[in-house]
Amino acid sequence: MDAAAPVRDLRNVRVRGEEGEHGPTPHPEDEERRARAVLFHELGNAVAGRGWARFPAYTPEERRRLVDVAARLSAHWGRQVLGVPEDQYALQLVLEGAETPPLP
């Protein structure tokens, strides 16, 4: 990736409420629920261990899914987990107050 390439502003990614609880997804509801549960556990373990986790997010649906996982982790732990855009293709989940890693 070119170092001068612009970084997309993803700070205002929100979960949509109109088309189901999580907005339109390419997966059936039960499959989407399983995917979010796996992300919750896997990314939650990484965030708990390091204070952060990186995960690819190529589409708006994937970014919404990760923002939802961050919100669920925040509610579960009682501590804020932030979804920080790394670039237009990845999102970092960072435990508030944790030291963040340098960008690749």
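For the structure, see preceding data.
All chains use their own residue numbering, which begins from 1 and follows the written sequence. It should be noted that, the model being predicted, local features are given only for residues of pLDDT at least 70 and side-chain atom pairs only at 80 or more, the latter also being counted only at that level, while totals for whole chains, interfaces and linings use all residues. Excluded from the side-chain calculations are hydrogens and water; all other atoms, namely the structure's heavy atoms, are used.

Novice: Even after reading the chapter, I still don't get the side chain of Glu86, so can you show me in this structure?
Specialist: Helix and strand definitions here come from DSSP, where helices need a minimum of 4 consecutive H or I residues and strands a minimum of 2 consecutive E residues; each element is numbered from the N-terminal end. Note that Glu86 resides in strand β2 (residues 81–87). Within the structure, the side chain of Glu86 is placed 2.9 Å from the side chain of Gln92, a separation counted as a polar contact. Two N or O atoms form a polar contact when they lie within 3.5 Å of each other; inside protein one atom must be a possible hydrogen donor and the other a possible acceptor, and for residues adjacent in sequence the pair counts only when both atoms belong to side chains.

Novice: Help me out: how do you make sense of the nonpolar core in this one?
Specialist: As a rule of thumb, soluble globular proteins bury nonpolar side chains together. The set of buried Ala, Val, Leu, Ile, Met, Phe, Trp, Tyr and Cys residues whose side-chain atoms join them within 4.5 Å is what this entry labels a nonpolar core. Accessibility here uses a 1.4 Å probe with only protein chains present; expressed as a share of the type maximum, an area under 20% marks a residue as buried, one over 50% as exposed, and anything in between as partly exposed. Counting residues in each nonpolar core, the largest one holds 15 residues, and the members touching the most others are Leu43, Leu66, Leu73, Val81 and Leu93. Looking at this core, the elements that each hand over two or more residues are α1 (29–50), α2 (60–77) and β3 (90–95). A total of 5 residues in this core trace back to one element, the largest contributor, which is α1.

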